[in-house]
Amino acid sequence: MKKLNLSQEVIDRGRKYAKQIVDQVQEHIDAHSTVAVERSVLRLLGIDGVDQAGVPLVNGIVEELHNAGVLGKGVMYWFVNGMIHTKLSSQQLAECIVNKTIHLLELPRTPEGEIEDAALQLAIRSLAKIKERRQEREAWIASLGKGQEPMLYVIVATGNVHEDAIQAQAAARQGADIIAVIRTTGQSLLDYVPYGPTTTGFGGTYATQANFQILRQALDEVGKEVNRYIYLTNYCSGLCMPEIAVMGALERLDVMLNDSMYGIIFRDINMKRTFVDQYFSRLINGYAGIIINTGEDNYLTTADAIESGHTVLASELINEQFAFRCNMTSEQLGLGHAFEIDPQTPNGFMYELAQAQLVREVFPKSPIKYMPPTKYMTGNIFKGHVQDTLFNVCSIMTGQSLHLLGILTEAIHTPLIHDRFLSIESAKYVFNNLRGIADEIYFREGGFIQQRAQEVLEKAVNLLEDIADIGLMQALALGYFADISRTSEGGRGLQGVIVKECSYLNPFIPLMLKGGNSNG
Amino acid sequence: MVDVNHVKPYGDTLNDGMVQLSFTLPIPLSNAAKEAARQLTASMGLEEAAVAHAEGISDTFSFFIVYGKCSHGVNIVGITVPEVALEVLSKKEIDDFIRTHLNRKLNVVGACIESDAHTVGIDAIMNIKGFNGHKGLESYHEINAVNMGAQVACEEVIHKVYEIQADAILISQVVTQKNIHITNLTRLVDMLEAEGLRDKVTLVVGGPRISHELAKELGYDAGFSSNTYAEHVASFLVQEVKRKNVWDSSKETG
């Protein structure tokens, strides 16, 4: 397994700096909540649906309390107080609040101890539902099994969820193990979650609970047919990151794209907002037994893959520490990277091998997510198919886990049904033909690949030391990742960040921290 | 000798008309499905259509790779394709050109607008490192290049145009579905016109599905497709801005 002769001491030092970096940010996280976190709390209590104007009920309730400046106590405090007084169910109470027949702030206040007890009981009951979905997944996998690593991961992106379901089933029959439904562009910047099935999206569908349900059902059906549990993936990112985590946990998604910094860097979402949101979303994902995928592969679409290889590793170590803070296990961390070196580079494939093997060895227990070439795909589909083949070879040679299939028509259009078929067919061919190759090869002592991997590791650790020194927010402002610079006060969503009062009530946090790890 | 009035596809013999294509039919694979694929190919004007490969790719879909001989030829005499008319300058020549004619930096805003999340194109043209060894606009001394990234709303582009007093706007549209790129591009032009900015800036669009002709049709000054580098775009910008003669040295440099 260990082929790179990496110094464990250097790796440990990298983890130590990454932990320091995250500890600094955690102080900010612990002191704040956000409107999205508070909406997630309401969703966890079972509140669903939209008002006559199409605004989700959870938005209506949280916005009113936010405007009144009382969210520092937590939405749970106000809402549970309301439930105690009105004896209504959470959904009924939510509807009354939005219809303005009940005003939470005008109700008499029950003593805090009583509210806390009731909130705790409600939270325990809500989490039982999520635990049930998790056990359901485990039972499915125990009876059907799942795909062999590297698992074949494909995307569907028709814009119509019913068409997506058809394409997803077709892909599973062709051999796909994981299906991601591409999210329609732009959702990450919406500060609410759309409602209902999507039939007219562009380049994808919205992440909605109805869409999750439709795909889950389709994949369960086809899973029985192909005798393999098919993983469902969606995007737990953007301004509603934690709410999507709730929906995914309730509808038994298996994989969620969920990065601690992606929204900041690539969607210009405010970092103070994102850090708090990612924490709560990962508590949920952790507790639900979901595998998260991080987005370091994206760095290489803007920055150069050879020059910036170490930023990928550094970011993975930071993402890992953020996840550990939520008590996620290593086995839940699909840390991301990509095959994005310019194909004209002499020995480019050796650089790719070095990076892929490096990530594998630094995170031996994690289901590493490996992304295909995109930046240097040209429209020459024949050459593209060969580039994807080299990517497949690299993946099986270095033991990657979640293998996102390259598609020969990348850079032309979203995949056609036969594009995906050809891609699955060739990956299956390569993986089957090279099944045992990783056990048969080693890399020459002190050779190019070992040296390159050691150099990337050293540079990553130096970068982490540097970031630990100046702080992550400052590092982001200086454009350390993907050459993109973001300031702590800039970007979208800052007005949705709330300072917690000392009486802030959210029993989900301690419960999920307790349950996430032990449950796995 | 190639007959320029009647050019046909070439496989291994002049005028053999050889064409390869692949497609999927939404029906289960059967001999009838194969014959259907052959007949369909024939009806496209391909003679001696031969199904080289047929495979069921799901219970309800079958995939075909077909060869046929194109019965048509095309007259290339008299075909004119609108192309961006420009003299390609080097990076240094572009910087010199701006210095000579403007006395201040050229302000350029770039963005991949609305639905599109793919920065590959705009980055290739604007980022310092550029693409394929061709440095991007950010590396030009005399260009103040602001790359707004992906999924930028048209409103934000316009805001930025005012903010940096942009001379030119570069728009990228890479991945599209159901022609949404056309909707996006039209929206920006409409908004620029409503703001009275359209004539004050040079407006350029790029992307794999963009041609100069389409760009002109949509109201842009130029369209660039694949194999375009920063120096092509910059050469066009400086020459176009000079031609329009709207250089206004009073503009501040951002």
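For chain B, the name recorded in an unreviewed UniProt entry is Cobalamin B12-binding domain protein, with Pelosinus fermentans B4 as its organism.

Per an unreviewed UniProt entry, chain A goes by the name D-Lysine 56-aminomutase alpha subunit and belongs to Pelosinus fermentans JBW45.

### Details of the overall build of chain A
Looking only at helices and strands, chain A features 20 helices and 11 strands. For chain A, whose C-alpha radius of gyration is 23 Å, the value lies close to the compact-globule estimate of 24 Å for 520 residues. Along the first, second and third principal axes, the C-alpha set of chain A runs to 75 × 50 × 40 Å. Across the 520 residues that make up chain A, the buried fraction comes to 63%. Look at the contacts in chain A between residues 6 or more apart in sequence, and 78% of them connect residues 24 or more apart. Counting every atom, chain A has about 18,600 Å² of accessible surface; 52% of that belongs to carbon and sulfur. Computed over 45 positive and 59 negative side-chain charges, the separation of the two mean positions in chain A equals 3 Å.

### Considerations on the overall build of chain B
Per the secondary structure count, chain B includes seven helices and eight strands. By the compact-globule yardstick of 18 Å for 254 residues, chain B is too spread out, its C-alpha radius of gyration being 23 Å. Taken along the three principal axes of its C-alpha coordinates, chain B extends 75 × 45 × 35 Å. Sorting the 254 residues of chain B into buried and exposed places 47% on the buried side. A separation threshold of at least 6 residues defines the contact pool for chain B, and within that pool the share at least 24 residues apart is 67%. Entry remark: accessible area of chain B is about 12,400 Å², with carbon and sulfur atoms responsible for 52%.

### Looking at the interface of chain A and chain B
Contacts between chain A and chain B engage 35 residues on the former and 26 residues on the latter. Buried surface at the junction of chain A and chain B, both sides included, amounts to about 2,500 Å², of which 52% is carbon and sulfur. On inspection of chain A and its partner chain B, the count reaches two salt bridges. Salt-bridge contacts for A:Arg492 lead to B:Glu156; the nearest nitrogen and oxygen are separated by 3.0 Å. Put simply, chain A and chain B have four residue pairs in polar contact (both at pLDDT 80 or more) between them. Those elements giving two or more residues to the side of chain A that touches chain B turn out to be helix H7 (161-174), helix H12 (299-302) and helix H16 (417-433) of chain A.

### A short note on the domain arrangement of chain B
By domain assignment, chain B separates into domain 1 (1-78) and domain 2 (89-242). Measuring from the centre of the C-alpha atoms in domain 1 of chain B to the corresponding centre in domain 2 of chain B gives 39 Å.

### Quick look at the sheet that holds strand S5 (residues 143-147) of chain B
Residue and element names in this part refer to chain B. On the basis of which strands lie adjacent, the open sheet formed by five strands has the order S5-S4-S6-S7-S8 and parallel pairing. Where the open sheet ends on each side, the last strands, each with one partner, are S5 and strand S8 (222-224). Each adjacent strand pair in this sheet contributes to an overall mean axis angle of 20°, direction not counted. Sheet analysis places strand S7 (residues 202-206) next to S8, joined by three bridges and oriented parallel. From the neighbouring strand, Val204 faces S8, where its bridge partner is Ala222. Contacting strand S4 (106-112), S5, strand S6 (168-172), S7 and S8, helix H7 (residues 230-244) runs over the sheet at an angle of about 155° to S7.

### So, the packing of helix H9 (residues 241-250) of chain A against helix H11 (residues 271-287) of chain A
Residue and element names in this part refer to chain A. At a minimum axis distance of 8 Å, the contact between H9 and H11 shows a crossing angle of 10°. The angle between the axes of H9 and H11 places the two elements in the roughly parallel class. Of the residues in H11, those in contact with Met241, Pro242, Ala245, Val246 and Ala249 of H9 are Asp277, Gln278, Phe280, Ser281, Ile284 and Asn285. Here the residues of the contact of H9 with H11 sort into seven nonpolar, three polar and one charged.

### Quick notes on unusual backbone geometry
All names here are of chain A. With an omega of -10°, the peptide bond running from Glu149 to Pro150 counts as cis. With respect to the secondary-structure elements, Pro150 resides in the loop between helix H6 (112-144) and strand S2 (151-156). Here Arg252, not a glycine, exhibits a phi torsion of approximately 55°, which is positive. Mapped onto the elements of the fold, Arg252 is located in the loop between H9 and strand S5 (255-257).

### Let's talk about the nonpolar core
Side chains of a nonpolar character, in soluble globular proteins, are inclined to be buried together. If you look at the biggest cluster of nonpolar residues, it comprises 165 residues, and the most contacted ones within it are A:Ile61, A:Phe79, A:Phe275, A:Phe280, A:Ile318, A:Leu472 and A:Phe508. If we ignore the near neighbours within four places in the chain, the residues touching A:Phe275 are A:Val25, A:His28, A:Ile29, A:Ser260, A:Met261, A:Ile264, A:Phe322, A:Leu472, A:Met473 and A:Leu476.

### What about H7(B)?
Between the first and last C-alpha of H7(B) there are 21 Å, a value that for 15 residues agrees with the 21 Å anticipated at 1.5 Å per step. B:Ala230, B:Glu231, B:Val233, B:Ala234, B:Ser235, B:Phe236, B:Leu237, B:Val238, B:Glu240 and B:Val241 are the residues of H7(B) that are buried.

### Thoughts on the side chain of A:Ser315
Tracing the sequence through the fold places A:Ser315 in helix H13 (residues 309-324). Apart from the residues lying within four places of it in its own chain, the contact partners of A:Ser315 are A:Met261, A:Glu296, A:Tyr299 and A:Phe481.

### Structural notes on the pattern of salt bridges
Evaluation of the coordinates by the stated rule reveals 36 salt bridges over all chains. A:Arg39 is the salt-bridge partner of A:Glu243, the closest N and O atoms lying 2.8 Å from each other. Of this pair, A:Glu243 sits in helix H9 while A:Arg39 is found in helix H2 (residues 35-44), placing the two residues 204 residues apart along the sequence. By relative accessible area, which is 0% here, A:Glu243 ends up buried. The shortest N-O distance in the salt bridge between B:Arg38 and B:Glu35 comes to 2.9 Å. Pair noted here: B:Arg38 and B:Glu35 are both in helix H1 (residues 31-43), with a separation of three residues, about one helical turn. Since its relative accessible area comes to 32%, B:Arg38 is described here as partly exposed. When its relative accessible area of 32% is taken as the criterion, B:Glu35 is described as partly exposed. Salt bridges sharing common partners tie together A:Arg133, A:Glu136, A:Arg137, A:Arg216, A:Asp220, A:Arg252 and A:Asp254.

### Description of the environment of B:Ala52
All names here are of chain B. Along the chain, Ala52 falls in strand S2 (residues 46-58). The exposure class assigned to Ala52 is exposed, which follows from its relative accessible area of 56%. Put simply, Ala52 and Ser22 are 30 residues apart on the chain and 9.8 Å apart in space, counted from C-alpha to C-alpha. Aside from chain neighbours lying at most four places away, what touches Ala52 is Ile65, Val66 and Tyr67.

### Comments concerning the pairing of S6(B)
Two faces belong to every sheet, and in a regular strand the side chains alternate between them. Residue and element names in this part refer to chain B. With five of five residues buried, S6 is to be regarded as a mostly interior element. What you see with S6 is no split at all: Ala168, Leu170 and Ser172 on one side and Ile169 and Ile171 on the other are buried throughout. Looking at chain direction, S4 and S6 are connected through five bridges and run parallel. Note on S6: the bridge partner recorded for Val109 is Ile169. In this structure, S6 lies alongside S7, joined through five bridges in parallel fashion. Paired with Ser172 across the strands is Gly206, a residue of S7.

Reading guide: rules and limits
- Residues numbered from 1 in each chain as written.
- Chains lettered and ligands numbered in written order.
- Predicted model: local features only at pLDDT ≥ 70, side-chain atom pairs only at ≥ 80, totals over all residues.
- Heavy atoms only, no water.
- Helix = DSSP H or I, 4+ residues; strand = E, 2+ residues; numbered from the N terminus.
- Rg over C-alpha atoms; globule rule 2.2 N^0.38 Å.
- Buried < 20%, exposed > 50% of the residue type's maximum accessible area, 1.4 Å probe, protein only.
- Contact = heavy atoms within 4.5 Å.
- Areas by Shrake-Rupley, 256 points an atom, 1.4 Å probe, with all protein chains shown as cover.
- Lys, Arg positive; Asp, Glu negative; His and termini not counted.
- Charge placed at Lys NZ, Arg CZ, Asp CG, Glu CD.
- Buried area = accessible area lost by both parts, 1.4 Å probe.
- Salt bridge = Lys/Arg side-chain N within 4 Å of Asp/Glu carboxyl O.
- Polar contact = N/O pair within 3.5 Å; in protein donor to acceptor, adjacent residues only side chain to side chain.
- Domains from an automatic or database assignment.
- Pairing = 2+ DSSP bridges.
- Axes fitted to C-alpha atoms, helices over the stretch in contact; angles between N-to-C directions.
- Parallel < 35°, antiparallel > 145°, perpendicular 65-115°, else oblique.
- Nonpolar A, V, L, I, M, F, W, Y, C, P; charged D, E, K, R; others polar.
- Core = buried A, V, L, I, M, F, W, Y, C linked by side-chain atoms within 4.5 Å.
- Expected span 1.5 Å × (residues − 1).

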